[in-house]
Amino acid sequence: MKAPEPASATLSHGARLRAARWGLWLSAVLVGVGVSWFAACFVADTMSARDMQQMVEARRQLAAQVAEGMSSQITADVALLRALPQTLAQIDAIPRAVQRVDTRRWNLMDQGSRAQQAMSHPEVVDIDAFLNATAGNLGLDYVWVVNQNNYVVLANNAGRADSLVGVQSSMQPYMKEALLGGLGEQFTVGRVTGLPGLFFAAPVYDAGGYLVAVMGTKVSLSRLQHWVSHPTSLVTDPNGLIILSTDASLVGKILPDARLQRMGATDRYNAYQRVDFEPWPYQPTAKAHHDVPSWVPAEVRDALAWREGSAMPSLTVSRNASADLTVVVAEPLPGWSQQIANHARNRMIGFVLFVSVLATFVLVAWSLVRERQHHRVTRHLNQRLQR
């Protein structure tokens, strides 16, 4: 009755050895697969981070070239626009026409009467006609002259229903600068027309060298639309308000941390005839709450800007231009989704490759072990036969 027990114990011991051996092999396989996955992720992260950095740098250089080209064009155009009132102010007939108009009693008259009185002088009529022709030839919307009593006495639209002659000027900062003998320039909304534009002013001196008036010019934004020929470019004024853009929906919005946000309601209304402004729809990664993969370099992640409702990020590059204007180019990254897909593909290819190498190594090692066992058994049989 007790004889079978050793055989049963031997069988149970052998089964435990086989189970332990299979468990060891299974653990080794799991460890190998885990190491292969880790190695594949590391290689894919490194390759994708490098490719992403190169793509972003290429787009940044393109955006910088566009911004610098726009800045150069704006600087050249503004230099010409700035010189126009200064050149017109040198015409001797203008200060003589200004002195012909007596505005001391204009505070007792309405605008129509003021304009009628000014137009009663032939010299004034001739200069108004000259300014009208000049504005048409030079692409200016308005050209006018304000005397020291702050009344418009000469204008290119004299005699029309919307004539500026007889209007009392509110003396915007650009006009005050010219009254002090400097050259004024400003983006603002016209108090009379209610339309935005770039305004320039220069002092007018008489033959004796005395400052007798200020020459003002205005260029509407529609004449400057060629500044933003690039699809994702825009121009802002010194306060961070977008004044020109290829995307009309962005005009009138303000950039993040713009000076306009810190201005009071009165200052906003004086400058733009309104108080409320919508923010620019682009936000940095931290505020946009977009899930950016961890393998994307930190400097790339911090440079991204996301537009509301878009899954494609952009790079923003800005350059300063004349008249305190700022050029901004929001260059999209069309290859963003492709880079994400390439990372997943490279990770899977790397995983399959590493697992294949591991499997090949295991098969070679197993073959060597089996071959060694076969030689050992063969040698043992030969020794038994020799006895």
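Worth saying up front: this structure is predicted, and the values here are computed from it rather than measured.

Colleague: Give a detailed account of the environment of Ile127, specifying residues and quantitative values.
Modeller: Inspection of the secondary structure puts Ile127 in helix α4 (residues 122-138). On the basis of relative accessible area, Ile127 is assigned to the buried category, the value being 8%. Considered as a pair, Ile127 and Val352 are 225 residues apart in the sequence and their alpha carbons are 84 Å apart. Setting aside anything within four residues of it in sequence, one finds Ile127 in contact with Ala93, Ile94, Ala97 and Leu154.

Colleague: For the sheet that holds strand β7 (residues 242-245), give the residues involved together with the corresponding values.
Modeller: In spatial order, the strands read β7-β6-β11-β10-β9-β8; together these 6 strands make up an open sheet with antiparallel pairing. Pairing within the sheet leaves two strands with one partner each, and these edge strands are β7 and β8 (282-284). Looking at each pair of strands side by side, their axes are set apart by 35° on average, direction ignored.

Colleague: Run through the sheet that holds strand β4 (residues 196-205), naming residues and quoting values.
Modeller: The 5 strands lie next to each other as β2-β1-β5-β4-β3, forming an open sheet whose pairing is antiparallel. Here the strands that pair on one side only, and so sit at the sheet edges, are β2 (152-155) and β3 (184-189). Strand-to-strand, the axes of this sheet are offset by a mean angle of 25°, without reference to chain direction. Both strand β1 (residues 142-147) and β2 contribute to a ladder of 3 bridges, which runs antiparallel. Looking across to β2, one finds that Val146 is bridged to Val152. The strands that α4 touches are β1 and β2; relative to β2, the one it contacts most, it runs at about 55°.

Colleague: Explain the side chain of Ser36 to me, and be specific about the residues and the numbers.
Modeller: Its location among the elements puts Ser36 in helix α1 (residues 5-88). Engagement of the side chain of Ser36 in a polar contact is seen with the backbone oxygen of Gly32, the distance being 2.8 Å. When residues no more than four places from it in sequence are discounted, the contact partners of Ser36 are Phe351, Phe354, Val355 and Leu358.

Colleague: An account of the nonpolar core is needed here, citing residue identities and associated values.
Modeller: The biggest cluster of nonpolar side chains holds 74 residues, and the ones touching the most others in it are Trp144, Leu154 and Leu325. At 10 residues, α1 tops the list of elements feeding residues into this core. With residues up to four places along the chain from it excluded, the contact list for Leu154 reads Ile94, Ala97, Val98, Val124, Ile127, Asp128, Leu131, Val143, Trp144, Val145 and Val165. Ranked by size, the runner-up nonpolar core spans 12 residues in total, among them Val56, Val292, Val300 and Trp336.

Conventions adopted
Residues numbered from 1 in each chain as written. Predicted model: local features only at pLDDT ≥ 70, side-chain atom pairs only at ≥ 80, totals over all residues. Heavy atoms only, no water. Helix = DSSP H or I, 4+ residues; strand = E, 2+ residues; numbered from the N terminus. Buried < 20%, exposed > 50% of the residue type's maximum accessible area, 1.4 Å probe, protein only. Contact = heavy atoms within 4.5 Å. Pairing = 2+ DSSP bridges. Axes fitted to C-alpha atoms, helices over the stretch in contact; angles between N-to-C directions. Polar contact = N/O pair within 3.5 Å; in protein donor to acceptor, adjacent residues only side chain to side chain. Core = buried A, V, L, I, M, F, W, Y, C linked by side-chain atoms within 4.5 Å.

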